[in-house]
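Fold and geometry: a report
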Amino acid sequence: MTAQELFDWFEKSFAPKIQGKTEFRGETTFTISAIDLRDIAKFCRDELSLDYLLDITSIDNFGEEPRFEIVYHLYSMPHAAHLRLKLTVSEEIAAVASVSDIWPTANWHEREIYDMMGLRFDGHPDLRRILMWDGYPYFPLRKDFPLEGLRSEMPDVAFTKVTPLEGGPFVTVPTTAGSKDREPRARPPEL
Amino acid sequence: MSAASAGASVNLASRIISTLQLNRLFVIPQEWQQLFETCRKRFDDLFVGSLYFIYVKVWPVFLLRLRNAILVFYYMSETQATSYDSKIEGNIIFTRLDAALNWVRKNSLWPMPMGLACCAIELMATAASRFDIARFGAEVMRFSPRQCDVMIVAGTVTYKMALAVKRIYEQMPEPKWVIAMGACASTGGMYRSYAVLQGIDQLLPVDVYISGCPPRPEALLAGLMKLQEKISRQGAFRDQNPELAEKLEDALA
């Protein structure tokens with residue numbers, strides 16, 4: 001089965017549930033609803049042989065509604081095909097069903113998203129923070145979290161301080177100019 | 001000079017005690033071991049561990065393990081006579097006690113390898129054959145803080161790891177030193193971030209900072225030599241163990 005046949009089968013099976021389809025440089029992305037995630041995930045693994053979950057990522061579109069996006073990157077070992085699933089999560093709900101029983105590797109990916117973005121995964125067997133320590137009060141990859149961090153204190157566990165940025169953040173700009181101009185410098189956001 | 005009779009021994013022992021001075025290196029002839037035992041009873045609580053003999057030409061030098069340092073004694077019946085005496089010339093090393101302790105300490109620095117990021121790779125290279133940190137007596141890297149003298153913080157210290165590093169430092173016995181290896185350990189480096197401690201000196205007293213990202217092994221060796229220089233200038237005994245120094249002075253008074 002080719003990748004195209006795989007996508008056709010997917011579209012045929014879930015036609016009413018697919019909210020959008022984009023193709024970009026040979027990569028196919030389907031936008032779905034968070035409610036249908038588990039049905040679609042099971043179908044992808046069992047019927048479409050998308051047996052390998054490459055990655056789960058999350059996006060914070062701060063200021064938009066719904067605020068968050070979760071992206072599943074799937075791969076089929078037998079058919080050598082990639083498929084990307086996207087869904088949106090609102091800030092009020094901030095939760096989505098876990099797929100860690102479907103692809104066990106989702107366990108740690110979902111923990112990381114919970115840790116960094118504060119999205120919960122219902123049905124996850126062990127939803128603890130994975131990078132920061134239990135009890136850290138913030139979700140650092142949210143857009144409203146300052147780059148320099150926030151002060152926090154957990155006696156005998158860990159603490160954080162506000163980092164001095166000294167005029168930063170230090171960013172580069174896309175340009176064809178020489179390395180002197182490309183060099184990362186403190187560039188205050190242009191208003 | 002002989003210590004044949006018991007009376008002479010006691011007399012000599014009292015003279016040894018009367019001439020024992022802090023900040024001096026003492027050498028005692030082999031046949032005076034008995035006298036030395038007499039002295040030992042008086043300072044019994046100061047002598048921890050074993051007695052070592054090393055032979056310098058003819059006379060033995062007594063090295064006493066004192067806590068984690070080594071005390072070297074010599075005996076002279078009259079201090080003035082030591083200015084020149086053809087019989088003992090060349091057999092006695094004069095030095096300050098601090099200098100002797102520092103000499104021992106700085107040439108046997110046991111590192112605690114606190115490898116936290118890519119700097120640890122350079123730290124490993126420093127210990128390997130091409131650079132060979134053993135040339136400076138610092139090859140004994142064990143992951144056991146209780147036998148270590150110098151903590152080499154090699155890498156990015158995250159806030160999650162920070163208190164663990166501090167705890168390991170606190171498990172190290174005195175005297176102890178800290179080398180901040182590389183930009184991250186010194187200042188946080190390129191990580192101006194919510195997750196990274198901006199320099200281990202916020203938690204530990206750092207003796208030597210080494211620049212570089214990561215520093216080359218030569219830089220670490222240079223840092224180690226800087227630390228050796230620093231140690232050789234320290235008042236090892238008086239500053240670091242004033243109670244024991246007072247006790248010894250009282251015993252000698």
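Rules of the game
- Residues numbered from 1 in each chain as written.
- Chains lettered and ligands numbered in written order.
- Predicted model: local features only at pLDDT ≥ 70, side-chain atom pairs only at ≥ 80, totals over all residues.
- Heavy atoms only, no water.
- Salt bridge = Lys/Arg side-chain N within 4 Å of Asp/Glu carboxyl O.
- Buried < 20%, exposed > 50% of the residue type's maximum accessible area, 1.4 Å probe, protein only.
- Core = buried A, V, L, I, M, F, W, Y, C linked by side-chain atoms within 4.5 Å.
- Helix = DSSP H or I, 4+ residues; strand = E, 2+ residues; numbered from the N terminus.
- Contact = heavy atoms within 4.5 Å.
- Pairing = 2+ DSSP bridges.
- Right-handed = clockwise from strand over helix to strand, strands pointing away.
- Axes fitted to C-alpha atoms, helices over the stretch in contact; angles between N-to-C directions.
- pLDDT = per-residue confidence, 0-100.
- Phe/Tyr/Trp six-rings, centres within 6.5 Å; stacked < 30°, edge-to-face > 60°.
- Buried area = accessible area lost by both parts, 1.4 Å probe.
- Polar contact = N/O pair within 3.5 Å; in protein donor to acceptor, adjacent residues only side chain to side chain.
- Nonpolar A, V, L, I, M, F, W, Y, C, P; charged D, E, K, R; others polar.

As a further point, take the pattern of salt bridges. Residue and element names in this part refer to chain A. Under the definition given, this model contains 16 salt bridges over all chains. We note a salt bridge from Arg45 to Asp46, for which the minimum N-O separation is 2.9 Å. Exposure remark for Arg45: the relative accessible area of 30% places this residue in the partly exposed category. A relative accessible area of 43% places Asp46 in the partly exposed class. Arg129 serves as the salt-bridge partner of Asp115, at 2.4 Å between the closest nitrogen and oxygen.

One finds Phe10(A), Cys44(A), Ile70(A), Tyr72(A), Leu83(A), Leu85(A) and Val99(A) to be the most contacted residues of the largest nonpolar core, which totals 35 residues. Listing elements by their share of this core, those giving two or more residues are α1 (3–13), α2 (37–46), β3 (52–60), β4 (68–76), β5 (81–89) and α3 (106–117) of chain A. Once residues lying within four places of it in the same chain are set aside, the contact partners of Tyr72(A) are Leu37(A), Leu53(A), Asp55(A), Ile56(A), Leu83(A), Arg84(A), Leu85(A), Leu87(A), Val96(A), Ala97(A), Val99(A) and Phe121(A). Membership of the second largest hydrophobic core comes to 29 residues, among which are Met132(A), Tyr136(A), Cys148(B) and Leu197(B).

Attention now moves to the pairing of strand β5 (residues 150–154) of chain B. Residues and elements named next belong to chain B. Counting buried positions along β5 gives 5 out of 5 residues, so the element sits mostly inside the fold. As paired strands, strand β4 (residues 111–115) and β5 are joined by 5 bridges and run parallel to one another. Note on β5: the bridge partner recorded for Met114 is Val153. In this fold, β4 hands off to helix α4 (residues 119–127), which returns the chain to β5; that crossover is left-handed. Taken together, β5, helix α5 (residues 159–171) and strand β6 (residues 177–181) constitute a β-α-β crossover, and its handedness is right-handed.

Residue and element names in this part refer to chain B. Spatially, the 4 strands line up as an open sheet ordered β4-β5-β6-β7, and their pairing is parallel. Of all the strands in the sheet, just β4 and β7 (208–210) have a single pairing partner and so form its edges. The sheet shows a mean angle of 15 degrees between the axes of neighbouring strands, taken without regard to direction. In this sheet, β7 lies alongside β6 in parallel orientation, the contact comprising 3 bridges. Counted as the bridge partner of Ala180 is Tyr209 from β7.

Our focus in this paragraph is the confidence of the model for chain B. Atom-level detail of predicted coordinates should not be read off regions where pLDDT is low. Residues and elements named next belong to chain B. Of the residues in chain B, 55% have a pLDDT of 70 or more, and the chain-wide mean is 71. Confidence drops under a pLDDT of 50 for residues 42–85, and excluding neighbours within four residues, the segment shows 112 contacts in the predicted structure. Counting interchain partners and residues more than four positions distant, the pLDDT-below-50 stretch residues 88–94 has 15 contacts. If you check the scores for this complex, the pTM reads 0.72 and the ipTM reads 0.83.

Where two aromatic rings form a pair, the distance of their centres and the angle of their planes describe that pair. Residue and element names in this part refer to chain A. On inspection of all chains with the given rule, the structure shows 12 aromatic pairs over all chains. Ring geometry for Phe14 and Phe43: centres 4.9 Å apart, planes at 85 degrees, overall edge-to-face. Of this pair, Phe14 sits in the loop between α1 and β1 (20–24) while Phe43 sits in helix α2, placing them 29 residues apart in sequence. Accessibility assignment for this pair places Phe14 and Phe43 in one class, buried.

The next subject is the interface of chain B and chain A. Listed per partner, the contact involves 11 residues of chain B and 20 residues of chain A. Between chain B and chain A lies a buried interface of about 1,300 Å² when both sides are counted; carbon and sulfur atoms form 65% of it. Considering only the side of chain B, the residues that lose the most area to chain A are Tyr159(B), Lys160(B) and Tyr194(B), jointly responsible for 56% of the buried surface there. Where chain B touches chain A, the interface holds 0 salt bridges. Linking chain B with chain A are 4 residue pairs in polar contact (both at pLDDT 80 or more), by the criterion used here. In terms of residue class, the side of chain B that touches chain A is built from 6 nonpolar, 3 polar and 2 charged.

The next point concerns the sheet that holds β3(A). Residues and elements named next belong to chain A. With respect to topology, 5 strands assemble into an open sheet ordered β1-β2-β5-β4-β3, the strand pairing being mixed. The outermost strands of the open sheet, each flanked by one partner alone, are β1 and β3. On average, each strand axis in the sheet is inclined to that of its neighbour by 20 degrees, with strand direction left out of account. When β1 meets strand β2 (residues 27–31), the two strands line up antiparallel, connected through 5 bridges. Bridge assignment links Lys21 to a residue of β2, and that residue is Phe30. In the packing of α1 onto the sheet, contacts are made with β1, β2 and β5, and the angle to β5 comes to roughly 35 degrees. Across the sheet, α2 is in contact with β4 and β5; its angle to β5 comes to roughly 175 degrees.

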